[in-house]
Number of protein chains: 2
Amino acid sequence: MSLSCPIPDAGNDIIELAHGGGGLLMHRLIDRIIRPAFATSNDDFTHDGAVFDVGGARLAFTTDSYVVRPLFFPGGDIGSLAVNGTVNDLAMCGARPLYLSVGFILEEGLPITLLHRVAASMRAAADAAGVRLVTGDTKVVERGKGDGLYINTAGVGALRSAVAPAPRLVRPGDAVLLSGDIGRHGIAVMAAREGFGFEGAIESDCAPLAATVMRLIDAGVELHCMRDPTRGGLATTLVEIARTAGVEIRIAEASIAVSEPVRGACELLGLDPLYVANEGRFVAFVPVDAAGQALAVLRDAPGGSEAAIIGRVTANNSRSVLLDGLIGGTRALDMLSGEQLPRIC
Amino acid sequence: MSLSCPIPDAGNDIIELAHGGGGLLMHRLIDRIIRPAFATSNDDFTHDGAVFDVGGARLAFTTDSYVVRPLFFPGGDIGSLAVNGTVNDLAMCGARPLYLSVGFILEEGLPITLLHRVAASMRAAADAAGVRLVTGDTKVVERGKGDGLYINTAGVGALRSAVAPAPRLVRPGDAVLLSGDIGRHGIAVMAAREGFGFEGAIESDCAPLAATVMRLIDAGVELHCMRDPTRGGLATTLVEIARTAGVEIRIAEASIAVSEPVRGACELLGLDPLYVANEGRFVAFVPVDAAGQALAVLRDAPGGSEAAIIGRVTANNSRSVLLDGLIGGTRALDMLSGEQLPRIC
C-alpha cells in the first residue's frame with residue numbers, strides 16, 4: 001500500500017500504542033513487517049479473514065486477540081467481545097461461523113471467579129451466535145507481566161457462496177450501507193475505563209452479525225464487500241476499502257446515525273464518532289439496484305432501525321473517501337492517525 | 001475427570017503459575033471452569049485439537065498461545081515454537097496441517113526489529129512445515145502490561161483418515177512408542193532464562209512432526225493415539241491418556257532416551273526429565289503387530305535415531321501409568337503437581 005499521508009514514522013523503531021489502534025501506524029506495521037514475512041502471492045491480508053478450500057469445502061478462517069480494559073463494560077465484556085468479534089469477521093467474509101478456538105493468557109493472581117464469569121459469558125455469546133467453542137488453551141504469566149486476562153479467538157466458517165465478498169469486488173455505482181448507529185462500543189468502553197460519569201448511559205453495540213448477513217445472502221443480495229468498523233471506526237474502514245479496491249467512495253454525513261448520548265460524549269471528549277470503534281455494526285457494498293432490498297433486511301435486524309444507505313462508490317480512478325458534511329462542504333477522510341481509544345478491542 | 005491425587009486446592013481462588021504448567025492444577029482449572037462453560041456433549045477437550053466435518057471435509061482445528069521467556073533460546077524462538085507447536089497439535093490429531101492464523105500481543109516499547117526477526121522465524125518454520133500463515137491480528141498493550149511479545153496461533157488441517165487418533169481408541173495390548181530423546185526443550189529454555197552456564201550445550205528439540213506422522217499414515221500404521229509431551233512432560237502426557245482412555249500403561253524407564261547433557265542438567269537442578277517439556281517429540285499408541293513398522297518410520301525421521309518402544313498398554317481396568325525403574329522397582333507416575341519450569345511454551 002502506498003501511503004500519501006505525511007505523518008512521519010521514520011526512526012520509530014519501537015512499538016507504540018498507536019500500532020494497535022487500527023489506524024495508519026498499524027497498517028504500516030502490517031505492510032512493512034507482517035505481510036512481507038507471511039504472505040505468499042494469493043494471500044489477502046487486507047481482509048478480515050482468509051478464504052480457502054479444504055477437501056472440497058470452501059472455508060473462512062480468522063483470528064483476533066482481545067485486550068480490552070476494563071474487562072466488563074456496559075453492553076458486554078471481554079468474553080462476549082471475543083466471541084462476537086470473531087463471529088463477525090467470519091460473517092464479513094460471507095461465511096456462516098461454525099467453530100471457535102479460545103486461547104486464554106491469564107495473569108497470576110486473577111480471581112478464578114472472574115475467569116468463570118468470562119467463560120460463562122463466552123458460552124452465552126456462542127450460543128446466541130450459533131457457534132461452538134471446540135478447542136482451547138490456557139497459559140499463565142507472572143504477576144505484573146499480564147493485565148488480568150487476554151483472550152484470543154480464532155474461527156472457522158463455511159462460505160455461503162463461490163465468491164467471497166472482498167474489497168476487490170467493489171465497483172463504481174455500488175451503494176454503501178451501514179447497519180446502524182455508530183460509536184457506541186468505543187465510548188462505552190472509554191467511559192467505563194476512565195470514569196467520565198456518563199457510563200451506563202451508553203452501552204456497547206457488541207453483538208453477532210452473522211444472522212443478518214445470512215439473511216442478506218438468503219435474500220439473494222449480491223454482496224461485493226462487507227466490513228465491521230471496529231478499531232479505527234467507520235472512517236478508517238472506508239479508507240481501507242477505498243485504497244484496497246482502488247475506488248472513490250462518497251459518503252453523506254447526514255445519513256450516518258449517531259445517538260445523542262454518543263454525540264454528546266464525543267463533543268465533550270473531542271472525538272469524531274467516525275473514528276470511534278463499533279462491535280455490532282457493518283458496512284456493505286452492494287449493486288445499487290439491490291440497495292433497497294438490502295436496506296430492508298438491515299432495518300429488520302436487531303439494532304438495525306437506523307440502518308441507512310450512506311453513500312456510493314463514485315469512481316475507480318481514485319483511492320479516497322469523500323465526506324459531504326452536515327453543514328455543507330466536502331472533505332477527504334483519512335485513516336485514524338494516532339491512538340484515539342486505547343485497548344477498546 | 002475424577003482426581004485421586006490428594007494435593008489440596010480448596011480455597012485457591014486465584015490463578016497461580018502452576019495453573020499454566022500443564023499439570024494437575026491446569027487440568028483441574030480446565031475441568032472445573034473451562035469445560036463446563038464450553039463443552040457440549042460431543043466435545044473432547046482432553047485432546048490436542050477438535051475434529052469436525054464442514055461441507056464434506058473432515059478437519060482438525062487447534063490453538064495455542066505462546067508466552068515463553070526468553071524469546072530466543074538455543075534451538076528455537078517464540079516464533080518457530082508458535083508455528084511448530086500448532087503444526088504438531090494438528091499432526092497429533094492425524095491431520096495434515098494446512099493453514100495457520102497468528103495473533104500478536106505486543107508490549108509498547110518492543111523493538112520493531114525484534115518483531116521482524118520473530119516474523120521471519122515464523123515464516124521459515126511455516127515453510128519448513130509446509131503450512132501457510134494466512135490471517136493475523138496485532139494488538140498493543142501499554143508498557144509494563146505485557147512481557148514483550150505473546151503469540152497465539154490457531155491451525156486448520158485436513159484429517160487423513162475417517163477416524164482421528166484419540167485417547168478413547170487406546171486398547172490393552174497397544175505398544176507405546178516415543179519418537180526420540182526427551183527433556184531438551186525445557187532445559188534449553190530454562191538454561192537460557194536463568195543463565196546456568198550450560199546454555200548452548202543443550203538445544204531445544206523444537207521441530208515440526210507432521211511429516212513423520214504423514215509417513216506413519218502412508219505406511220498404513222493403525223494409529224490409536226498420538227500426543228506430543230509438551231508442558232508437564234512425558235509423564236503427565238501418559239497419565240492424561242491413561243485417565244482419558246481408562247487404561248493402565250506400563251513403561252520401562254531404561255527405554256526412554258535422555259541425552260547426557262540433559263540428564264546432567266536435570267540432576268544439577270533436581271528435575272525429573274519425565275516432567276520436562278518437549279517440543280519435537282511424540283508418543284504413539286499402535287497395535288503391537290504394527291510397532292516394528294512404526295518404529296522403523298520413527299527412527300528414519302530427523303532426530304529419530306533414539307526412537308523406541310517404551311512400553312505397552314497392560315489393562316483396561318485401571319487408569320494409571322506404571323514405570324519400571326532403571327534400578328529395579330515399579331512406581332506409579334502422576335501428573336506434574338506444581339510449576340516445574342515456568343513459561344517454557
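How each quantity is defined
- Residues numbered from 1 in each chain as written.
- Chains lettered and ligands numbered in written order.
- Predicted model: local features only at pLDDT ≥ 70, side-chain atom pairs only at ≥ 80, totals over all residues.
- Heavy atoms only, no water.
- Domains from an automatic or database assignment.
- Contact = heavy atoms within 4.5 Å.
- Buried area = accessible area lost by both parts, 1.4 Å probe.
- Least-squares fit on C-alpha atoms with pLDDT ≥ 70 in both.
- Axes fitted to C-alpha atoms, helices over the stretch in contact; angles between N-to-C directions.
- Helix = DSSP H or I, 4+ residues; strand = E, 2+ residues; numbered from the N terminus.
- Parallel < 35°, antiparallel > 145°, perpendicular 65-115°, else oblique.
- Left-handed = near helix turned anticlockwise from the far one by under 90°.
- Nonpolar A, V, L, I, M, F, W, Y, C, P; charged D, E, K, R; others polar.
- Salt bridge = Lys/Arg side-chain N within 4 Å of Asp/Glu carboxyl O.
- Polar contact = N/O pair within 3.5 Å; in protein donor to acceptor, adjacent residues only side chain to side chain.

Q: I keep staring at the domain arrangement of chain A and nothing clicks. Help me out?
A: When the parts of a complex come together, some accessible area is lost, and that lost area is often used as the size of the interface. Residues and elements named next belong to chain A. Examined at the domain level, chain A breaks down into domain 1 (1–43), domain 2 (46–159) and domain 3 (167–333). On a C-alpha basis, the centres of domain 1 and domain 3 stand 24 Å from each other. Taken together, the contacts link 10 residues of domain 1 with six residues of domain 3. Buried surface at the junction of domain 1 and domain 3, both sides included, amounts to about 560 Å², of which 47% is carbon and sulfur.

Q: Before we go on, may I ask you to explain the relation of the copies chain A and chain B in this structure?
A: Look at the two chain copies: a rotation about an axis and a shift along it is all it takes to match them. Least-squares fitting of chain A to chain B yields an RMSD of 0.0 Å, with the superposition described by an axial translation of 0.0 Å and a rotation of 180 degrees. With respect to symmetry, the two chain copies, as superposed, fit the operation of a two-fold axis. Of the C-alpha atoms belonging to chain A, the one lying closest to the rotation axis is found on G146(A), 2.5 Å away. The overlap is high: 99% of the interface residues of chain A also sit at the interface in chain B, so the same surface is used on both sides.

Q: It is not clear to me how the packing of helix 5 (residues 210–218) of chain B against helix 8 (residues 291–300) of chain B should be interpreted in this structure. Could you clarify?
A: In a packed pair of helices, the relevant descriptors are the angle between the two axes and the axis-to-axis distance. Residue and element names in this part refer to chain B. In the contact formed by helix 5 and helix 8, the axes pass within 10 Å of each other and the chain directions differ by 150 degrees. Taken as axis vectors, helix 5 and helix 8 run roughly antiparallel relative to one another. As for the relative orientation of helix 5 and helix 8, their crossing is right-handed in sense. Packed against helix 5, whose contacting residues are T212, R215 and L216, the element helix 8 presents A294, V297 and L298 at the interface. In terms of residue class, the contact of helix 5 with helix 8 is made up of four nonpolar, one polar and one charged.

Q: Would you take a moment to explain the interface of chain A and chain B for this structure?
A: The interface of chain A with chain B comprises 82 residues on the first partner and 81 residues on the second. In total, about 6900 Å² of surface goes out of reach between chain A and chain B, with carbon and sulfur atoms giving 66% of it. Ranking the residues of chain A by area buried against chain B places I15(A), F38(A) and I112(A) at the top, with a combined share of 10%. Where chain A meets chain B, there are eight salt bridges. Here D137(B) makes a salt bridge to R231(A), at a shortest N to O gap of 3.0 Å. Our count for the contact surface shared by chain A and chain B stands at 22 residue pairs in polar contact (both at pLDDT 80 or more). Listing elements by their share of the side of chain A that touches chain B, those giving two or more residues are helix 1 (24–38), strand 1 (50–54), strand 2 (57–66), strand 5 (95–107), helix 3 (112–129), strand 6 (132–141) and strand 7 (149–159) of chain A.

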